[in-house]
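# Observations on the three-dimensional arrangement
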Amino acid sequence: MGFITFCFLLALIAETVSNEDKQNYTTIFFLVGLEGTGHHAMVPLLEDLAASLNLQMVVIGYTKHNSLTYKDKELREYLRLWKSDDVKEHVKNIELKAKRQGKNGVLILLKHSFPGGNFRRTDLNATNYHDIINSYPFYNIKWLSSVFAANRLKALWMTRNFEDAVFSHENWDGGYDRHAHVLGMYFDHITSSLQTTIFKDNYVCFDYRELALGVDRIAHSLQNFLGAFLGVLFTVCSRVYIFGHCVGFGDLKRSGSLPTKLVISTRNSTNDQSASQLLNVLKVKKQYNIQPPPEDRLLVHKFPSNIGNTPPSEHH
């Protein structure tokens, strides 16, 4: 091998490593899932994870935890207006600021319930719901994956027994029957989008029942999934996570510096429904081929922590 060729190879290797470092510095963490699957529960846990790993965290999407979250309105506006180039430039500025502050990296959390609030739900129909959903940038998974292609992409798909998810917001969309169809359309959209984008090999599922495993174990599995900044000791901040009931996390509360614990009631929302209501929802479930996530896709199975035992099994 000639000296010039050798130098060229060294430069190529150095450039490859440099590009990999740049890519790994920022993680785009897409928190995706139907309404009622636990988005609000996951945000404070991710905040603690970012703080413990000395990451600059940015949240795009509705969150109740404003005191700890860095919400970037400018980045959200660029995304809302489909301004790809402005998004990429803004992310570079976030990275520069984080490096000046000595951060180990950047964690940008895209958090949106599918659907959320009044966005893209009242005009859905059975023939072109994918087009309607994709017309909102925060639900257009293919577009988002292309915008952030230069960064590391991870997705956490929040899942839950479909009947419980429906009845957690049973009065939305004019009643549980219509609400079930809305969620069914979004479930189909999420499934097809994740399977046909770069996220295909970069997502895991977090099933609602895994909350029973406790905060420590979930946090360690999340850290393993992110795969970042190994060697940085992770400890969950001393905080209490209280989930008031199983239906929607509307009563999530955080308080004080008490020992970390997770409290979930055993209430099952389907117990409050009539047989005919449940049967109608099960028909919608079959129509959209809604299946529980495979065990090997679950967060704590695919990225196990060294805490506790295997997750409890449960039929959906």
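Residues numbered from 1 in each chain as written. Predicted model: local features only at pLDDT ≥ 70, side-chain atom pairs only at ≥ 80, totals over all residues. Heavy atoms only, no water.

### Concerning helix H3 (residues 73–80)
Residues Leu75, Tyr78 and Leu79 constitute the buried set of H3. Projected down its long axis, H3 carries its buried residues within an arc of 100°, all on one side. Buried residues along H3 sit against strand S2 (55–60), helix H4 (84–100), strand S3 (105–114) and helix H6 (141–147). The residue sitting at the N-terminus of H3 and contributing the capping side-chain oxygen is Asp72; that oxygen lies 3.1 Å from the backbone nitrogen of Glu74. Just past H3, the residue Trp82 takes up positive phi, approximately 60°. (Buried < 20%, exposed > 50% of the residue type's maximum accessible area, 1.4 Å probe, protein only. Helix = DSSP H or I, 4+ residues; strand = E, 2+ residues; numbered from the N terminus. Arc of directions from axis to C-beta. Contact = heavy atoms within 4.5 Å. Polar contact = N/O pair within 3.5 Å; in protein donor to acceptor, adjacent residues only side chain to side chain.)

### Quick look at the side chain of Thr26
Position of Thr26 among the secondary structure elements: in strand S1 (residues 26–34). For Thr26, the side chain forms a polar contact with the side chain of Glu95, separated by 2.5 Å. Excluding residues that lie within four positions of it along the chain, Thr26 makes contacts with Val91, Glu95, Val106, Ile108, Asn151 and Arg152.

### A short note on the packing of H3 against H4
For the pair H3 and H4, interaxial distance at closest approach is 9 Å and the crossing angle is 160°. On the basis of their axis angle, the class for H3 and H4 is roughly antiparallel. As for how H3 packs across H4, the hand of that crossing is left-handed. Between H3 and H4, the contacting residues are Glu74, Leu75, Tyr78 and Leu79 on the first element and Asp86, Val87, His90 and Ile94 on the second. A per-class count over the contact of H3 with H4 returns five nonpolar, one polar and two charged. (Axes fitted to C-alpha atoms, helices over the stretch in contact; angles between N-to-C directions. Parallel < 35°, antiparallel > 145°, perpendicular 65-115°, else oblique. Left-handed = near helix turned anticlockwise from the far one by under 90°. Nonpolar A, V, L, I, M, F, W, Y, C, P; charged D, E, K, R; others polar.)

### As for the sheet that holds strand S4 (residues 152–159)
Ordered by their spatial adjacency, five strands build an open sheet running S2-S3-S1-S4-S5, and the pairing between neighbours is parallel. Two strands in the sheet have a free side with no partner beyond their single neighbour: S2 and strand S5 (203–207). This sheet shows a mean twist of 20° between the axes of neighbouring strands, independent of strand direction. In terms of strand pairing, S4 meets S5 through five bridges, oriented parallel. Among the inter-strand pairings, Met158 is bridged to a residue of S5, identified as Phe206. Set on the sheet, helix H8 (residues 176–195) makes contact with S1, S3, S4 and S5; between it and S1 the angle comes to about 150°. In the packing of helix H9 (residues 215–226) onto the sheet, the strands contacted are S1, S3, S4 and S5, and the crossing angle to S4 comes to about 145°. (Pairing = 2+ DSSP bridges.)

### Structural notes on the environment of Ser84
Inspection of the secondary structure assignment puts Ser84 in helix H4. In the structure, Ser84 is positioned 62 residues away from Ser146 in sequence and 8.9 Å away in space, judged by C-alpha atoms. Apart from residues lying up to four places away in sequence, Ser84 is in contact with Trp143 and Val147.

### Things to note about unusual backbone geometry
The omega angle of the peptide bond from Phe114 to Pro115 is -10°, so this bond is cis rather than trans. If you check the backbone angles, Asp173 has positive phi at about 60° while not being a glycine. Relative to the elements of secondary structure, Asp173 occurs in the loop between helix H7 (162–167) and H8. For Asn289, which is not glycine, the phi dihedral falls at a positive 50°. Positionally, Asn289 belongs in the loop between helix H10 (275–287) and helix H11 (299–302).

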